[in-house]
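Structural description and commentary
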Amino acid sequence: MTTISERWAKVSARVDAACRRAKRRPADVTIVAVSKTHPASSVLEAAAAGATDFGENYAQELADKIANVAMAPDLGALRWHYIGRLQRNKARFVAGHVALVHAVETVELAEELAKRAAGVVQPILLAVNLAGETTKGGVTAEGAATAARALAAVPGVRLDGLMTMPPYSDDPEASRPQFEALRDLRERLVEDLGLPLPVLSMGMSGDFEVAIECGATHVRVGTAIFGTRS
Ligand SMILES: *Cc1c(COP(=O)(O)O)cnc(C)c1O
């Protein structure tokens, strides 16, 4: 049986190797350990092994886990990320509690996050649906500039960059064109809108090395760290 700490070590080593290939610094890539459906005890195990950033998809589960983990002594400060689609009526569980909300696409959600963050500026990313999959959220590539301009104008949130989730494939290389497209889109938006947009959230267990080669600053890795979800 492989432990969470062994898997974490393996993922970290693979991230470092991908950074070397891409001539990037490992410090510029954040591994978001996606702990959805796994218990707080697994979060603590990963944190003990060195993980600092954790990602959740379900608002209530996030709130419960933050409360649980907060009771554990002697852990450095953990950062939480909300990586799923967020309904407006769940924004209160997330706003002000997470370092980054990865998948925002509407001004209405951004305004609700700002309101619920109670005076703290909430960093957010714009979700982009490059393959036009109807089962997934996110704006189209064509709609990204309009959406980014609108989100950047909402007081109380800060648009930090873009996120994407390519169609599922067994072949990591299948994601490369989408990762390159997100990188290019970010460059265009930086030029056209004059926004800094330093963050690119892309890459999961199956394709995070390719994402790093394409410029990912945040990879969202669940299964490779915590094992399969039931
Ligand atoms: C579950 C999830 C992940 C992690 O997926 P793995 O394949 O387990 O690494 C990453 N991003 C999002 C948006 C997810 O929902």
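Structure: see above.
1. As for the side chain of Q122
The residue Q122 is located in strand β5 (residues 122–127) in this model. Within polar-contact distance, the side chain of Q122 engages the backbone oxygen of V98 at 3.1 Å. With near-sequence residues (within four places) excluded, Q122 lies in contact with V94, A95, G96, H97, V98, A99, L100, V101, A117, G156, V157 and R158.

2. Notes on the site of the ligand
All residues in the neighbourhood of the ligand are listed as V34, K36, N57, I83, M165, M204, S205, R220, V221, G222, T223 and R229. Here an oxygen atom of the ligand and a backbone polar atom of G222 are 2.8 Å apart. About the coverage of the ligand: the protein hides 91% of its 390 Å² of free accessible area. Here the ligand occupies the largest pocket.

3. So, the pattern of salt bridges
Enumeration over the complete set of coordinates arrives at 13 salt bridges. Here E213 and R21 are joined by a salt bridge, their closest N and O atoms 3.0 Å apart. Of this pair, E213 sits in helix α8 (residues 208–213) while R21 is found in helix α1 (residues 4–21), placing the two residues 192 residues apart along the sequence. A relative accessible area of 29% places E213 in the partly exposed class. Exposure remark for R21: the relative accessible area of 47% places this residue in the partly exposed category. Close ionic contact of K115 with E112 constitutes a salt bridge, the shortest N to O distance being 3.9 Å. Separated by 3 residues within a single helix, K115 and E112 lie in helix α5 (residues 107–116), roughly one turn from each other. With a relative accessible area of 13%, E112 lands in the buried category. One connected set of salt bridges, linked through shared partners, spans R21, E173, R176 and E213.

4. What to know about the nonpolar core
Counting residues in each nonpolar core, the largest one holds 66 residues, and the members touching the most others are F54, V94, L113, I124, L126, V219 and I225. With near-sequence residues (within four places) excluded, I225 lies in contact with I4, R7, W8, V11, I31 and A33.

5. Describing the pairing of strand β4 (residues 100–104)
Of all the 5 residues making up β4, 5 are buried; the element is thus mostly covered by neighbouring parts of the structure. When strand β3 (residues 79–82) meets β4, the two strands line up parallel, connected through 2 bridges. Along β4, the bridge assignment pairs H81 with L100. Here 2 bridges tie β4 to β5, and the two strands are oriented parallel to one another. Among the inter-strand pairings, V101 is bridged to a residue of β5, identified as I124.

6. Some words on the packing of aromatic side chains
Enumeration over the complete set of coordinates arrives at 1 aromatic pair. An angle of 40° between the planes, with centres 5.8 Å apart, marks the rings of F54 and W80 as tilted. Of this pair, F54 sits in strand β2 (residues 53–56) while W80 is found in strand β3, placing the two residues 26 residues apart along the sequence. We classify F54 as buried; its relative accessible area is 0%. Here R92 stacks its cationic end above the ring of F93, 4.6 Å away from the centre of that ring.

7. Quick notes on the layout of surface pockets
One simple way to see leftover space: roll a probe sized like a water molecule over the atoms. For the largest pocket, the calculated volume is near 960 Å³. Taken together, 47 residues form the lining of the largest pocket, with N57, I83, K136, M163 and M165 sitting closest to its centre. At the level of secondary structure, the elements contributing two or more residues to the lining of the largest pocket comprise β4 and β8 (218–221). In terms of residue class, the lining of the largest pocket is built from 21 nonpolar, 16 polar and 10 charged.

Rules used in this analysis
Residues numbered from 1 in each chain as written. Predicted model: local features only at pLDDT ≥ 70, side-chain atom pairs only at ≥ 80, totals over all residues. Heavy atoms only, no water. Helix = DSSP H or I, 4+ residues; strand = E, 2+ residues; numbered from the N terminus. Polar contact = N/O pair within 3.5 Å; in protein donor to acceptor, adjacent residues only side chain to side chain. Contact = heavy atoms within 4.5 Å. Near = heavy atom within 4 Å. Areas by Shrake-Rupley, 256 points an atom, 1.4 Å probe, with all protein chains shown as cover. 1 Å grid on protein atoms, 1.4 Å probe; cavity = no way out; pocket = protein on both sides within 12 Å on 5 of 7 lines; lining within 4 Å. Sits in = over half its atoms within 2 Å of the grid points. Salt bridge = Lys/Arg side-chain N within 4 Å of Asp/Glu carboxyl O. Buried < 20%, exposed > 50% of the residue type's maximum accessible area, 1.4 Å probe, protein only. Core = buried A, V, L, I, M, F, W, Y, C linked by side-chain atoms within 4.5 Å. Pairing = 2+ DSSP bridges. Phe/Tyr/Trp six-rings, centres within 6.5 Å; stacked < 30°, edge-to-face > 60°. Lys NZ or Arg CZ within 6 Å of the ring centre and 35° of its normal. Points joined across faces, edges and corners; volume = space filled by probe spheres on them. Nonpolar A, V, L, I, M, F, W, Y, C, P; charged D, E, K, R; others polar.

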